[in-house]
Amino acid sequence: MHFRILILIFFITLLSGQSLFNRFVGTDPFMGSARSTAMGNTHLLNSTGSTNVRFNPANLGIMQSKLGFHFQINRASVFERWSIPIKDFFGEYFTNADYVANEFNYYDFSGGIYWAPFLDNLAFGIHYSPLTHFTYEYLEEVRGDYDTATEENEYASKDPLIGYHNLTTEGTLMLSTIGCGYNINIINNIDINIGASMNQINSSKISDRTNIDTLKLYDTYGFPNYSDIANLSNYPDVHQSSEIPKSSFISLSTQLTINSNSKIGVSWEGKANSETTAHFASIDSTNGLFQYWDSSTIEDSIFYTVKGINYIKPEMRSLAFNYIADADHGISLSFEMNQIFYNEHLNLNDYNKFKFGFEYLTQMGTPIRGGLVYRKAVIPAMKPISMFTFGTGKTIGNMMIDAAGTYCFQSFYYTDLFPVEEDIRTDYDLVRDSQLHLQLTLTYQF
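Keep in mind the model is a prediction, meaning the values are calculated, not measured.

Undergrad: It is not clear to me how the overall build of the chain should be interpreted in this structure. Could you clarify?
TA: Each helix and strand counted, the chain has four helices and 26 strands in total. Out of the 446 residues belonging to the chain, those deemed buried represent 49%. In the chain, of all internal contacts separated by at least 6 residues, the share reaching a separation of at least 24 is 68%. A total of about 21,200 Å² of accessible surface is found on the chain, and carbon and sulfur atoms cover 58% of it.

Below, the structure is given as structure tokens:
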């Protein structure tokens, strides 16, 4: 019996979408393997290893090896800039000036095993991976100005660092999946595969933390000087956490191999709801976006509006088609469409994803992969998102090394997260969010 051990050593990834609203809707819950990510996120027909247990359990029945394992480490990086509009002497718009530049990273891991213990056309698999996370980090340096007097009564104007505005949310939902797939040969090269899996979203915790850090300023004589901290917000500190209970959903898939060049796949994933005992989220009526803070009817009272979480893993229906255009050069084309259904949960949009991917094998056997992804925004007030994907690989003996990446960018207008008293500016801040997705995978088989 031929055995293959599949080990994914290193996996660097970033999920698409804006990070400011991770706290409310989570990151993209449909993260697949390195190869399928490079090929336009076409996970249904191009997933590898135990990721098939999640996205296409039907494919387990025709995997070449009888046994396989994988482990992967994930890294997500976010680059975010906040800007305010600057106007000229006549009050006309001049440019946008950055006042916040955030960069934060997120790490997790996934792994799994698949095996065919009885029949060549029947296989089982287990997969463990992050479903989504709610991580977001905001750090704003607050500058002030004050005069320093010397012994000669000379004055100088400065812009010292007087404190920080901080907002951090943390939480990850891990997914445990078990499934099986069966292959049926109809005639010649025509095969049909069917598969099913059970997915459990494990219990977890979500936490929020906001605070205003004030630094002590000293005059020339060494005495504390708090004369100018007007640029600091008066928002209250928040420290809260909630337990998220477990939930579950099922996945079904089937694929038809028409011939050696063509393959069609269909899948369905159910919806799952993970909500804390107490939860609340509000939407700003002026911009249609989720808000963190709100003022009560009581003067000078400000509340952190977010309590717990009511998270929906949306229902997904997928249709995919793969075609090998040139068998001599290994040119394959992939098309996939996903329909995502939130059913108006938290006023979120149902939307479609359109994906295109390709793979080309050079004369040296090195694959060149790429793709494009387009989807409408899940939050009604946001703009659609486009993503560019790319990747390659290399085989050295029994070891295969794959690399992949994606890049997406989004900009939108949002209110100041930590406004200060007597700030009469009516313009929204411009938020620019760019995310880079990189993957490095090591596969060893024998």
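Undergrad: Just checking my understanding: could you explain the packing of aromatic side chains for this structure?
TA: Two descriptors summarise a pair of aromatic rings, namely the distance from one centre to the other and the angle between the planes of the rings. A full pass over the atoms with the stated rule returns 22 aromatic pairs. Considering the side-chain rings of Tyr235 and Phe418, the 6.1 Å spacing of their centres and the 50° angle between planes classify their relative orientation as tilted. Linking Tyr235 in the loop between strand E10 (204-214) and strand E11 (238-244) with Phe418 in the loop between strand E25 (399-414) and strand E26 (429-444), this pair joins segments that are 183 residues apart in sequence. The residues Tyr235 and Phe418 share a single accessibility class, namely buried.

Undergrad: Quick question: what am I supposed to make of the pattern of salt bridges here?
TA: Proximity of charged atoms lets side chains of opposite charge pair with each other. On inspection of all chains with the given rule, the structure shows twelve salt bridges. Taking the shortest distance from any N to any O, the salt bridge between Arg54 and Glu269 comes out at 2.9 Å. Here Arg54, found in helix H4 (residues 51-55), pairs with Glu269, found in strand E13 (residues 262-269); they are 215 residues apart in sequence, far enough to count as distant. Judged by relative accessible area, which is 2%, Glu269 ranks as buried. Put simply, Lys355 and Glu336 hold a salt bridge, and the shortest N to O gap is 3.7 Å. Taken together, the residues span a long stretch of sequence, with Lys355 in strand E22 (residues 351-361) and Glu336 in strand E21 (residues 331-341) at a distance of 19 residues. A relative accessible area of 6% means that Glu336 is categorised as buried. Sharing partners across several salt bridges, the network here consists of Arg35, Glu359, Arg369 and Asp402.

Undergrad: Can you help me understand the sheet that holds E10 in this one?
TA: For sheets, the rule is that strands pair by backbone hydrogen bonds, running either parallel or antiparallel. Reading across from one edge, E4-E7-E10-E11 is the order of the four strands in this open sheet, with antiparallel pairing throughout. Each having just a single partner strand, strand E4 (136-143) and E11 make up the two edges of the open sheet. Neighbour-to-neighbour, the strand axes of the sheet open up by a mean angle of 5°, direction not taken into account. With seven bridges connecting them, E10 and E11 associate as antiparallel partners. Looking across to E11, one finds that Thr210 is bridged to Val238.

Undergrad: What should I look at first to understand the nonpolar core in this one?
TA: A general trend in soluble globular proteins is that nonpolar side chains are found buried together. Counting residues in each nonpolar core, the largest one holds 40 residues, and the members touching the most others are Leu20, Phe21, Trp82, Tyr136, Tyr292, Tyr414 and Leu417. Of all elements in the fold, only helix H1 (22-25), strand E1 (67-87), strand E2 (93-115), E4, strand E7 (161-170) and E25 reach the threshold of two or more residues within this core. It is E4 that contributes the most residues to this core, three residues altogether. Leu131, Leu173, Ile206 and Phe249 belong to the second largest nonpolar core, which has eleven residues in total.

Undergrad: What am I meant to see in the side chain of Asn102 here?
TA: Secondary-structure assignment places Asn102 in strand E2. If sequence neighbours within four positions are ignored, Asn102 has contacts with Val78, Phe79, Glu80, Glu137, Tyr138 and Leu139.

Undergrad: What is the right way to look at the pairing of E25 in this model?
TA: The two faces of a sheet get side chains in turn, since along a regular strand they alternate between them. Sheet topology note: the strand E24 (residues 385-396)/E25 ladder contains ten bridges and is antiparallel. Residue Phe388 lies in a different strand from E25, and its bridge partner there is Tyr407. Counting the residues that bridge the hairpin from E24 to E25 gives two residues, and of these Gly397 lies at a positive phi of roughly 65°. Across 16 bridges, E25 lies against E26 in antiparallel orientation. Looking at E26, one finds that Met399 is bridged to Tyr444.

Quick notes on the rules
Residues numbered from 1 in each chain as written. Predicted model: local features only at pLDDT ≥ 70, side-chain atom pairs only at ≥ 80, totals over all residues. Heavy atoms only, no water. Helix = DSSP H or I, 4+ residues; strand = E, 2+ residues; numbered from the N terminus. Buried < 20%, exposed > 50% of the residue type's maximum accessible area, 1.4 Å probe, protein only. Contact = heavy atoms within 4.5 Å. Areas by Shrake-Rupley, 256 points an atom, 1.4 Å probe, with all protein chains shown as cover. Phe/Tyr/Trp six-rings, centres within 6.5 Å; stacked < 30°, edge-to-face > 60°. Salt bridge = Lys/Arg side-chain N within 4 Å of Asp/Glu carboxyl O. Pairing = 2+ DSSP bridges. Axes fitted to C-alpha atoms, helices over the stretch in contact; angles between N-to-C directions. Core = buried A, V, L, I, M, F, W, Y, C linked by side-chain atoms within 4.5 Å.

Interpretation note: all reported values are geometric properties and have no functional meaning in isolation.
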